[in-house]
2 protein chains.
Amino acid sequence: MNTVNHQILLASRPQGEPSTENFRLAEVPVPELGDGQVLVRNHFLSLDPYMRGRMNDTKSYAEPQPLNQVMMGGTAGEVLASKNANFAVGDKVVGMGGWQDYFVVDASQRGVLQKVDTTHIPLSAYLGAVGMPGVTGWYGLVKIINPKAGETVVVSAASGAVGGVVGQLAKARGARAVGLAGGADKCRYVVEELGFDACIDYKQHADLKSLSAALKAACPNGIDGYFENVGGMILDAVMLRANAFSRIAMCGMISGYNGQPIPMMAPQLMLVNRMKVEGFIVSEHMEVWPEALKELGGLVATGKLKYRESVAQGIAAAPEAFLGLLKGKNFGKQLVQLV
Amino acid sequence: MNTVNHQILLASRPQGEPSTENFRLAEVPVPELGDGQVLVRNHFLSLDPYMRGRMNDTKSYAEPQPLNQVMMGGTAGEVLASKNANFAVGDKVVGMGGWQDYFVVDASQRGVLQKVDTTHIPLSAYLGAVGMPGVTGWYGLVKIINPKAGETVVVSAASGAVGGVVGQLAKARGARAVGLAGGADKCRYVVEELGFDACIDYKQHADLKSLSAALKAACPNGIDGYFENVGGMILDAVMLRANAFSRIAMCGMISGYNGQPIPMMAPQLMLVNRMKVEGFIVSEHMEVWPEALKELGGLVATGKLKYRESVAQGIAAAPEAFLGLLKGKNFGKQLVQLV
């Protein structure tokens, strides 16, 4: 093939807040296929907050993103050519294709490429509610928070790909769901579209006292479960309203991703309230994916699980869209559409 | 009876650091026995850090200690008179007798008074290694940290009634046990008498960097479990050395008991390291007491579980001994001996 593949590479590591200068657009030819390999045309790239951590060269749970290589990330697309008996031209697939138009993968390795059924579920949903973000929300809610009917579950970044799933699954289990989101539009969406019981616009609360009062009003029976995506003052405010035996699923702390200090004000509340706090990474719990995806897929296919997408167009738009995601400029799942 | 009962009452609530002025000695007659009641002569009072929290009138897991009433607390003693068929004069018993020479209790209520066997276990041990502090250590170590052989367990206040048990139980399970204690004497005791692999004198480390380096040296394979008694800088230093999937049992945070702020510097480490952090109160887990006491009692009776006691003499010495405990002046389990 003589097709040109456009790629976004990590050009340099950010010092503090990242910028478009940390990325570089490259053009390379699409390679020939070897035995067992499959050529995939990426239709959608998934942009996710965890990618910020991998831009740093520091010890973390994941290997750092190597410099001058294609930004890693989940993708959904279509098989254009195959030398693998398990994949045929036209198959819809998800995988870790990275920020590029095309990728070639040895599909004989189990799990690197998954065929998906788009009869009742849109392809892009496999990067959101029926993909990694959905399972992330499912794991934290079901396996860590595990709410009983009547309990109150709070989730930050509630309009996002993960947070929206958390609240809707909590509601489905008979819990009260309270979101935190940035701005009146997002809050309205969280309540009116996603069906949360309440949503607090954190931008309206400049200090802990104000935010804590808003949480008290929205959670008259206190907080039994919290799904953490942001950290910082929001975590402190939630802890002030946490009930005895409450649980926190620690999924992300985006407020500290650029290196800002985000101390927890009163860790003694974990003791006073006999809390369980658990950090997790969904890729380390592959054993729950089938069960989670079954529930999530069923809910999306029947229209019971709602979500929203922010879709940037074209590979060159990926860096800007990613930087916006880190600042909460997206509204729902942030994607880049390539086809 | 015309016997005089000496009692220590809570006279006022402390503002910040408590002092002897918050306590008052009272003399009252020992009351007559009613049906079902038992008169106990307290031989030992147990002084425990949790009592500091109850001196405040703030929301916590336990009811505040009422003003002008006998300080609540565990006691070990002997039955002097009984109108209850289950208790006979001369029985050795433990209960919540409070800071006083004698107490009368309706012993028909299950659990308020326990007969104990002092054939192989000293009476005072039922307030320490074979009592609430021992079960506290057992619960945090076995039910939360649950170390595998070869893992490293760190415990603060390692020479204390709880910490000493934690480290010795960790060793018995094949783990590496590392203590933190205040002063060379305590550290020597923790290693030479209790058999920990190492002990760090936290008083030799004025800042986080220094303490973290000491932990690195003492825990070359990182930290898999931490039993928290103190909070503050020690917790921050431990978290910097925590391994993936490490567990923290939150038992106490004595460094913040007088209201000092004790923020957790980097809560994002709970996420990065996929940690589990759990606060607990042993009285809420009565279901484990039989199993725990069986192991602890067996180990003490056979000399395999070692402990040390600081014993103040006479009821009037209780306030001073308690204030010393809060400052780490005790060495091992702090008791007051009355007989």
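Residues numbered from 1 in each chain as written. Chains lettered and ligands numbered in written order. Predicted model: local features only at pLDDT ≥ 70, side-chain atom pairs only at ≥ 80, totals over all residues. Heavy atoms only, no water.

The next point concerns the relation of the copies chain B and chain A. Structural alignment of chain B on chain A gives an RMSD of 0.0 Å, achieved by rotating through 180° and translating 0.0 Å along the axis. Taken together, these values place the two copies in the relation of a two-fold axis. (Least-squares fit on C-alpha atoms with pLDDT ≥ 70 in both.)

Take the domain arrangement of chain A next. Residue and element names in this part refer to chain A. Annotation of chain A at the domain level lists domain 1 (4-128 + 308-337) and domain 2 (132-283). For domain 1 and domain 2, the distance between their C-alpha centres works out to 28 Å. With 20 residues of domain 1 at the interface, the matching set in domain 2 holds 13 residues. Both sides together, the interface formed by domain 1 and domain 2 hides about 1,300 Å², and carbon and sulfur atoms give 62% of it. Here domain 1 is connected to domain 2 by 0 salt bridges. Linking domain 1 to domain 2 there are 7 residue pairs in polar contact (both at pLDDT 80 or more). (Domains from an automatic or database assignment. Contact = heavy atoms within 4.5 Å. Buried area = accessible area lost by both parts, 1.4 Å probe. Salt bridge = Lys/Arg side-chain N within 4 Å of Asp/Glu carboxyl O. Polar contact = N/O pair within 3.5 Å; in protein donor to acceptor, adjacent residues only side chain to side chain.)

A word on the sheet that holds strand β10 (residues 198-201) of chain B. Read across the sheet, 12 strands follow the order β10(A)-β9(A)-β8(A)-β11(A)-β12(A)-β13(A)-β13(B)-β12(B)-β11(B)-β8(B)-β9(B)-β10(B) without closing on themselves; strand pairing throughout is mixed. Two strands close off the open sheet at either side, each with one partner strand: β10 (198-201) of chain A together with β10 of chain B. In this sheet, adjacent strand axes meet at a mean angle of 15° when their direction is disregarded. The pairing of strand β9 (residues 176-181) of chain A with β10 of chain A spans 4 bridges and is classified as parallel. Looking at β10 of chain A, one finds that G179 of chain A is bridged to C199 of chain A. Relative to the sheet, helix α6 (residues 233-240) of chain A contacts β8 (152-156), β9, β11 (223-228) and β12 (242-250) of chain A, its axis offset from that of β12 of chain A by approximately 155°. Against the sheet, helix α5 (residues 208-218) of chain B makes contact with β8 (152-156), β9 (176-181), β10 and β11 (223-228) of chain B, and its axis sits at roughly 170° relative to β10 of chain B, the strand it touches most. (Pairing = 2+ DSSP bridges. Helix = DSSP H or I, 4+ residues; strand = E, 2+ residues; numbered from the N terminus. Axes fitted to C-alpha atoms, helices over the stretch in contact; angles between N-to-C directions.)

Turning our attention to the environment of E27 of chain A. Residue and element names in this part refer to chain A. Following the sequence through the fold, E27 ends up in strand β2 (residues 23-29). Accessibility expressed as a relative area gives 56% for E27, which makes it exposed. In this structure, the C-alpha to C-alpha distance between E27 and K276, residues 249 residues apart in sequence, is 48 Å. Excluding its chain neighbours within four sequence positions, the residues that come into contact with E27 are V4, N5 and H6. (Buried < 20%, exposed > 50% of the residue type's maximum accessible area, 1.4 Å probe, protein only.)

This part covers the pattern of salt bridges. Residue and element names in this part refer to chain A. Counted by the stated rule, this structure contains 22 salt bridges over all chains. Here K92 and E78 are joined by a salt bridge, their closest N and O atoms 3.7 Å apart. One end of the pair, K92, is in strand β5 (residues 92-95); the other, E78, is in strand β4 (residues 75-82), and 14 residues separate them in sequence. By relative accessible area, E78 is classed as partly exposed at 23%. Residues D185 and R188 are paired through a salt bridge, measuring 3.2 Å at the closest nitrogen-oxygen approach. Linking D185 with R188, this pair stays in helix α4 (residues 184-192), spanning 3 residues, or about one helical turn. Shared partners join several salt bridges into a network, and the residues in it are K148, E151 and R247.

Okay, the interface of chain B and chain A next. Listed by partner, the interface residues are 28 residues for chain B and 28 residues for chain A. Where R274 of chain A meets E284 of chain B, a salt bridge forms, and the shortest distance between an N and an O atom there is 2.4 Å. Our count for the chain B to chain A interface comes out at 6 residue pairs in polar contact (both at pLDDT 80 or more). Contributions of two or more residues to the side of chain B that touches chain A are made by β12 (242-250), α7 (268-272) and β13 (276-279) of chain B. Residues of the side of chain B that touches chain A, tallied by class, amount to 18 nonpolar, 5 polar and 5 charged. When strand β13 (residues 276-279) of chain A meets β13 of chain B, the two strands line up antiparallel, connected through 3 bridges. Within the sheet, the bridge partner assigned to V277 of chain A lies in β13 of chain B and is V277 of chain B. (Nonpolar A, V, L, I, M, F, W, Y, C, P; charged D, E, K, R; others polar.)

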